[in-house]
Amino acid sequence: MPLNPRIENWSGKVVWLVGASTGIGRATAARLHAAGARVVVSARSEAGLQAFVQGHPGSLAIALDATDRDAMRAAAERIATECGRIDLAVYCAGYYKAMRATAFDLDDALRHEQVNYVGALHLLDAVLPVLLRQRSGHLSLVSSVSGYRGLPKALAYGPTKAALINLAECLYFDLTDHGIGVSVVCPGYVDTPLTEQNDYKMPGLISADEAARCIVEGWQAGHFEMHFPKRFTAWVKVLSHVGDWLYFKAIRQATGL
Ligand SMILES: NC(=O)c1ccc[n+]([C@@H]2O[C@H](COP(=O)([O-])OP(=O)(O)OC[C@H]3O[C@@H](n4cnc5c(N)ncnc54)[C@H](OP(=O)(O)O)[C@@H]3O)[C@@H](O)[C@H]2O)c1
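Note that the structure is a prediction, hence the values are computed from the model and not measured.

K.L.:
So what exactly am I meant to see when it comes to the overall build of the protein here?
P.N.:
Helix and strand counts for the protein stand at 8 helices and 9 strands. Scaling as 2.2 N^0.38, a compact globule of 257 residues should have a C-alpha radius of gyration of about 18 Å, and the protein matches this with 18 Å. Along the three orthogonal principal directions, the C-alpha set of the protein runs to about 55 × 40 × 30 Å. When each of the 257 residues of the protein is scored for burial, the buried share is 51%. Long-range contacts, defined as pairs at least 24 residues apart, comprise 67% of the intrachain contacts of the protein with a sequence gap of at least 6. Carbon together with sulfur atoms contributes 54% to the accessible area of the protein, which is approximately 12,300 Å² in total.

Written as C-alpha cells, this is what we have:
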C-alpha cells in the first residue's frame, strides 16, 4: 500500500532540486529531465548549474545558498510564477566532515546544522505556501542511513541527518490530508564529491546514477522512505533496532573505532 500519491508520469511536472550542481542531486535532476519533467536546479555554484542547463535543454538554474532564507523564498516565488506550480521539491544540499568529540569544532558543527538542517527548513518556508495552495505536490528530504543511530566520526553530520528523518515524519502527519506527498531518502555510500574525502573502503558503494534510479523509483512507487543499496542498508536498518549493548559492540567491531 503506497504511503504517498505515486508520481508515475513525469511529463511536464515541475521539479525543484536544491543541491543539484553535483552528485546525487544532479544525477536525480538528469533522470527526471530525461523522463520529461521541467527541472529547476539550485546550488551555490553558478558554473555547475549552467553546465547542467546546457546539457539539459528547457531546465532552469537558480543559483543560491540554502542557508539564505530570503534567497530560497525568492527562488520558490520565481518558480511558481514562471512555471505555474511546483510538483516536487527536493532538499539534497549537504555538507560532511568527519568529526569526533576529541577534536570538537563548534563552527564546523554549526555549519553542518545550517546546510543540512536549517537549509531544509528554508525550503519548507519557501514551498509550503505554494504546495498547500495547490493542494498537491511532493516534498522530499535527502537524509542518510547515518541518521538512524549515532556513528563514530559522525558527531557533526549524524544528528543533522537524524533531524531530517524526524522532520519528514512530522511533515507526513501534517501534509497527507492536504494531498501533499512526503518522503525521506536514506542512502548508504554513494560515489560523489562528498565521499571523496573518505579514506576507507566504503561498503556497498554505488554510483550517483544508481542512487538517482532508486530515488525516482521510490517516488513512482509512492514510498515514504527510500534506502539503498539494500545489500548494505538492510544491515544498517537491522542494527538500528537492536539493543544498545549489541549496537555499540557491532559498530565498534565493524569500523574498528
Ligand atoms: N554520497 C553519499 O554517500 C551520501 C550518503 C548519504 C547521504 N548523502 C546525502 O546526499 C545529499 C547529496 O550529497 P552528494 O553525496 O551528492 O554530495 P555532493 O556531490 O557534494 O552534493 C552536495 C550538493 O549540495 C550543494 N550545496 C552544498 N552546500 C550548499 C548550500 N549552502 N546551498 C546550496 N547548495 C549547497 C552542492 O553544491 P554547491 O557546492 O555548488 O553549493 C552540491 O550540489 C547530501 O544531503 C548528503 O548528505 C550522501
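K.L.:
When you look at the pattern of salt bridges in this model, what are you seeing that I'm missing?
P.N.:
Pairing between side chains of opposite charge can happen when their charged atoms approach one another. Considering all chains together, one arrives at 7 salt bridges under this definition. Here Glu82 makes a salt bridge to Arg78, at a shortest N to O gap of 2.8 Å. Of this pair, Glu82 and Arg78 are both found in helix α3 (residues 69-83), 4 residues apart, which corresponds to roughly one turn of the helix. Overall, the relative accessible area of 35% leaves Arg78 in the partly exposed class. Of the charged contacts, one joins Arg85 and Asp87 as a salt bridge, the two residues approaching to 2.8 Å between their closest N and O atoms. What makes Arg85 partly exposed here is its relative accessible area of 31%. Note on Asp87: relative accessible area 11%, which makes it buried.

K.L.:
Is there a simple way to think about the sheet that holds strand β3 (residues 60-63) in this case?
P.N.:
Think of a sheet as strands paired side by side through backbone hydrogen bonds, with each pair either parallel or antiparallel. Strand order in this open sheet of 7 strands is β3-β2-β1-β4-β5-β6-β9, and the pairing throughout is parallel. Among the strands making up the open sheet, the edge pair consists of β3 and β9 (225-228). Going from strand to strand, the sheet's axes swing by 15° on average, the running direction of each strand aside. Examined bridge by bridge, strand β4 (residues 88-91) and strand β5 (residues 137-142) share 4 bridges and lie parallel to one another.

Criteria and thresholds
- Residues numbered from 1 in each chain as written.
- Predicted model: local features only at pLDDT ≥ 70, side-chain atom pairs only at ≥ 80, totals over all residues.
- Heavy atoms only, no water.
- Helix = DSSP H or I, 4+ residues; strand = E, 2+ residues; numbered from the N terminus.
- Rg over C-alpha atoms; globule rule 2.2 N^0.38 Å.
- Buried < 20%, exposed > 50% of the residue type's maximum accessible area, 1.4 Å probe, protein only.
- Contact = heavy atoms within 4.5 Å.
- Areas by Shrake-Rupley, 256 points an atom, 1.4 Å probe, with all protein chains shown as cover.
- Salt bridge = Lys/Arg side-chain N within 4 Å of Asp/Glu carboxyl O.
- Pairing = 2+ DSSP bridges.
- Axes fitted to C-alpha atoms, helices over the stretch in contact; angles between N-to-C directions.

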